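Now for the letters of each chain:
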Amino acid sequence: MTFVKLDRRTVLRSFLTLPLLAASGMPARAAATPQSAEGPFYPRPDMRFRDADNDLVKIQSKVQNAGGEIVALTGRVLDLNGTPVSGARVEIWQCDANGRYLHTGDRRRILRDPGFQGFGHVVTDESGAYAFRTIKPVPYPGRTPHIHVKVFAGTTELTTQFYIAGHPQNSRDSLYRRLSQSERRAVEMNFQNRGSVPTARVDIIL
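Residues numbered from 1 in each chain as written. Predicted model: local features only at pLDDT ≥ 70, side-chain atom pairs only at ≥ 80, totals over all residues. Heavy atoms only, no water.

Draft legend 1. Focus on the environment of Val122. Looking at the secondary structure, you find Val122 in strand β3 (residues 119-123). With relative accessibility at 16%, the residue Val122 sits in the buried group. Val122 sits 31 residues away from Glu91 along the chain, and the two C-alpha atoms are 6.7 Å apart. For Val122, the contacting residues outside a window of four places in its chain are Asn54, Ala88, Arg89, Val90, Tyr130, Ala131 and Phe132. (Helix = DSSP H or I, 4+ residues; strand = E, 2+ residues; numbered from the N terminus. Buried < 20%, exposed > 50% of the residue type's maximum accessible area, 1.4 Å probe, protein only. Contact = heavy atoms within 4.5 Å.)

In structure tokens form, the structure reads like this:
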């Protein structure tokens, strides 16, 4: 390996350039949303309800609504420069209020909530916005509450998981513990009372 020796004038000039760049108004590139494991319960198309829309609380043609605390999950899909990504397909899936997934591989002896859709998707609009109506995720043995997320935008695919900010079980979750502090902030849901249901906004950076 060859090291190049820089003279004092070159080093000084590089340091003087830093504040000029900061003051120039050049936008800083955002960090991409961290990838995470898909998990074993990503429902195949044949497992999903026909109305796999963005409302996981109400299944078409069924009277019963899902159990659990109803919440809204919103945000935008952006590229690293902060430009909205329109036409991106955003998918979410999670266990129901009983801790059961909409997946034939989940053979735990837990009754599945028949009113919970389990999986949903939406396509972002021209501002990159997405929105879901779902339930606040609940824990189950071995995992802190979380929502699985998958995004398809052209040739780009992102798989990640969202967590409830400040939940006491986060510190014991193996996947959450692998994240840095900045990565955790990028995928944490801070639910606030906005409108009729608690709402969390999480922007997804590709």
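Draft legend 2. Looking closely at the side chain of Asp173. Summarising the element assignment, Asp173 is placed in the loop between β6 (156-164) and α2 (174-177). If we skip the residues at most four places from it in the chain, Asp173 touches Gly142, Arg143, Thr144 and Tyr163.

Draft legend 3. Representation of the sheet that holds strand β7 (residues 188-189). Taken together, five strands build an open sheet; the order of strands is β3-β2-β5-β6-β7 and the sheet is mixed. Taken across any chain shown, the strands that pair with only one partner, and hence form the sheet edges, are β3 and β7. (Pairing = 2+ DSSP bridges.)

Draft legend 4. Spotlight on the nonpolar core. Formed by 33 residues in total, the largest nonpolar core has its most connected members in Val77, Val90, Tyr130, Val151, Phe162, Met189 and Ile204. For this core, the secondary-structure elements that each account for two or more residues are β1 (70-78), β2 (89-93), β4 (129-135), β5 (146-153), β6 and α2. If we skip the residues at most four places from it in the chain, Tyr130 touches Leu73, Thr74, Gly75, Arg76, Val77, Val90, Val122, Thr124, Phe162, Val202 and Ile204. Within the second largest apolar cluster, eight residues are counted, among which are Trp93, Cys95, Tyr101 and Phe119. (Core = buried A, V, L, I, M, F, W, Y, C linked by side-chain atoms within 4.5 Å.)

Draft legend 5. Seen up close, the pattern of salt bridges. Under the definition given, this model contains ten salt bridges. Ionic pairing is found between Asp55 and Arg133, a salt bridge with its closest N-O pair at 3.0 Å. Residue Asp55 is located in the loop between α1 (8-23) and β1, and its partner Arg133 is located in strand β4; the two are separated by 78 residues in the primary sequence. On the accessibility criterion, Asp55 (18% relative accessible area) is buried. Between Asp106 and Arg100 there is a salt bridge, and its shortest N-O distance comes to 3.8 Å. With a relative accessible area of 18%, Arg100 lands in the buried category. Each of Glu38, Lys150 and Glu157 takes part in a single network of salt bridges with overlapping partners. (Salt bridge = Lys/Arg side-chain N within 4 Å of Asp/Glu carboxyl O.)

Draft legend 6. Summary view of the packing of aromatic side chains. In this structure the tally under the stated criterion is six aromatic pairs. Taken together, a centroid distance of 6.4 Å and an interplanar angle of 70 degrees make the contact between Tyr42 and Phe119 edge-to-face. A residue pair is termed long-range when its members are at least 10 positions apart, and Tyr42 in the loop between α1 and β1 and Phe119 in strand β3 qualify at 77 residues. One exposure class covers both Tyr42 and Phe119, and it is buried. Centre to centre, the rings of Tyr101 and Tyr140 are 5.7 Å apart; their planes meet at 80 degrees, and the pair counts as edge-to-face. With a gap of 39 residues between them, Tyr101 in the loop between β2 and β3 and Tyr140 in the loop between β4 and β5 connect regions that are remote in the sequence. Judged by relative accessible area, which is 2%, Tyr101 ranks as buried. Residue class for Tyr140 comes out buried when judged on its relative accessible area of 14%. Positioned above the aromatic ring of Phe119, the side-chain terminus of Arg48 is 4.0 Å from the ring centre. Above the ring of Tyr140, the side-chain terminus of Arg108 is found at 5.1 Å from the ring centroid. (Phe/Tyr/Trp six-rings, centres within 6.5 Å; stacked < 30°, edge-to-face > 60°. Lys NZ or Arg CZ within 6 Å of the ring centre and 35° of its normal.)

Without other data, these values stay purely geometric and don't point to any function.
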